[in-house]
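Each chain, written out:
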Amino acid sequence: MSRIVAFALRQRIFIVLLFAFLIGLGVISFLRLSIEAYPDPLPPYVSVETVNPGQSATETERYVTIPLEIRLAGIPNVRSVQSISLFGLSTIFLQFNDNFTYDQARQYVLDRLERMGPMQNGAVPSISEDSPIGEIYRFRLEGPPGVSTTDLEELAQWVLKPRFKGIRGGVGMTIWGGKQKAYDVVLDQRRLVENGLGVPQVVSAIKHSDGDVGGQLAYFGAQAAVVRGVSLIHTGAQIANTMVSPNHGAPVRVRDLGKVIAGHLPVLGISGQDRTKDVVVGVVLMRRGGDALRTVRRVEAAVGRINHSNLLPPGVHLVALYDMHHLIQRTLGTVLRNMLLGIVLIFAVQWLFLGDLRSALVVSATIPFALFFAVIVLVWRGEPANLLSIGAIDFGLIVDGTVIMVENVFRHLRQAAGTPTQVPEDALRRGGLRGTLATIYRASQEVNQPVFFSAAIILAAFVPLLRCRAWKGTSSVRWRGPMATPSWAP
């Protein structure tokens, strides 16, 4: 500490230039700082999802979930394993401790799944999309009278979702409410028997009729045309005209075996607003580690382009319900206003009690210097700030050492008598300090050790928060779903 003080007193111009440089660099870093709304306290976790159509919850657990848990066992730094087995769907959550980053955990699971090979029932496990940390934007899709929620849900699913999914920093969009459009084929058992057909043949015919078939080239002199069989299904009438069997030259179509009804899939959830019971709501999620402020600005720009273009039908538009941009801006405004108020109050109190302008300026300048230096470190390490950490700034912890040092220096400079002799004169001569600089050096020697140890004690109290080691253990929780039966049941 003595050498640092002596160097600062000898190289005063360099210290002032360094101070100005760090303040400027701090301002630039603050403009580039990633600010999140809330901190993400969860350790890395990876979700493995497997679609197993037509299988009950018990079969899904027996043939998919349990084999996957066995093959994924042994991955290092796994804290807990949880699994959910539902009708046709298996989901396994692997939660890791803080020794792994999210990318490392994801790579370990990918490597293990690649070495597994295909499962016995043909199901293919896959890792879910990048881990989201929460919603940053929510909107409602509104339309004119006569537009059903089924049509709005279809627009959200096929028009809006791909565009929001492509926004840099976002994971995608989740759709709430509305009814997902579907076509129901109601077959007549008597007609099936008369034509010697069964339900699997009808399903296979509809499945294979939904697609294009490429052919060869048909030449017409010097020109050539591509021969293609186009049979994509867009309407219920096309399903009804699908041929199921030739039946000795008389084609049997779906309409000859039953009827096609426009409907929707079973409703598993509903979303309402005010007095409207069923509305279509889109929730935009942000990728883990993304920049919340910049990402939500991109979402706002995308919403503006969609509303002012011909992408949606006339009268259909997006109405914002929640925008994290407003939360971040308001909180940042409050934090900056309180910070400026704190600097002014500290400056006023210091000037009022000491009556010295330079001392008050030195003390108050400590606050922006400390904050901008912290911002520089955050940007350098690639760590985001959040509204809780920014709003929990304690000015007392920042300026207490400076106040003690400045007041002791001010007292020594104002003393009419000679300076204390706690520091030997030969030490002053070695430092090359004389006059006022020597007085400042003597004053700093009296308090530098207590100031240093008080700051070290404060830092020691915050050390456990910098790196919280998660408890290293493993556990397994399995939910078989509402239709499953216990494995010990007969």
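Note that the coordinates shown come from a computational prediction; the quantities given were computed from them, not determined experimentally.

J.: Talk me through the overall build of the protein chain; I want residue IDs and the actual numbers.
T.: Each helix and strand counted, the protein chain has 16 helices and 17 strands in total. The burial tally for the protein chain puts 36% of its 490 residues in the buried class. For the protein chain, the proportion of contacts with a sequence separation of at least 24, taken over those separated by at least 6, is 75%. Summed over its atoms, the accessible surface of the protein chain is roughly 29800 Å², and 61% of this surface lies on carbon and sulfur atoms.

J.: Any details on a nonpolar patch on the surface? Residues and values, ideally.
T.: A cluster of nonpolar side chains, contributed by Phe7, Phe14, Ile15, Leu18, Phe21 and Leu25, occupies part of the molecular surface with about 510 Å² of accessible area. Of the residues forming the nonpolar patch, the biggest block, five residues, is contributed by helix α2 (residues 12-32). Relative to the helices and strands, Ile15 is located in helix α2.

J.: Which residues make up the packing of helix α3 (residues 57-72) against helix α4 (residues 102-116), and what values go with them?
T.: Where α3 contacts α4, the two axes come as close as 10 Å, and the packing angle between them is 115°. Note on packing geometry: the crossing formed by α3 with α4 is right-handed. Taken together, the residues of α4 that come into contact with α3 (itself represented by Leu68, Arg71 and Leu72) are Val109, Arg112, Leu113 and Met116. Taken together, the residues that form the contact of α3 with α4 break down as five nonpolar, no polar and two charged.

J.: Can you explain unusual backbone geometry? Please cite residues and give values.
T.: A positive phi angle, close to 65°, is found at Asn77, a residue other than glycine. When you line up the elements, Asn77 lands in the loop between α3 and β3 (78-86). Even without glycine at this site, Asp274 takes up a positive phi of about 55°. Look at Asp274 and you get exposed, because its relative accessible area is 78%.

J.: Describe the side chain of His412, with residues and values.
T.: Its location among the elements puts His412 in helix α14 (residues 395-414). For His412, the side chain forms a polar contact with the side chain of Glu446, separated by 2.9 Å.

J.: Pulling in residues and values, what's your account of the pattern of salt bridges?
T.: Per the stated rule, a full pass over the model turns up six salt bridges. Of the charged contacts, one joins Asp188 and Arg190 as a salt bridge, the two residues approaching to 4.0 Å between their closest N and O atoms. Residue classification places Asp188 among the partly exposed residues on the basis of a relative accessible area of 26%. For Arg191, the salt bridge identified is with Asp188, shortest N-O distance 3.7 Å. On the basis of relative accessible area, Arg191 is assigned to the partly exposed category, the value being 30%. Through salt bridges with shared partners, a single ionic network connects Asp188, Arg190, Arg191 and Glu194.

Conventions used here
- Residues numbered from 1 in each chain as written.
- Predicted model: local features only at pLDDT ≥ 70, side-chain atom pairs only at ≥ 80, totals over all residues.
- Heavy atoms only, no water.
- Helix = DSSP H or I, 4+ residues; strand = E, 2+ residues; numbered from the N terminus.
- Buried < 20%, exposed > 50% of the residue type's maximum accessible area, 1.4 Å probe, protein only.
- Contact = heavy atoms within 4.5 Å.
- Areas by Shrake-Rupley, 256 points an atom, 1.4 Å probe, with all protein chains shown as cover.
- Patch = residues over 30% accessible without salt bridge, like charges linked within 9 Å, V, L, I, M, F, W, Y side chains within 5 Å.
- Salt bridge = Lys/Arg side-chain N within 4 Å of Asp/Glu carboxyl O.
- Axes fitted to C-alpha atoms, helices over the stretch in contact; angles between N-to-C directions.
- Left-handed = near helix turned anticlockwise from the far one by under 90°.
- Nonpolar A, V, L, I, M, F, W, Y, C, P; charged D, E, K, R; others polar.
- Polar contact = N/O pair within 3.5 Å; in protein donor to acceptor, adjacent residues only side chain to side chain.

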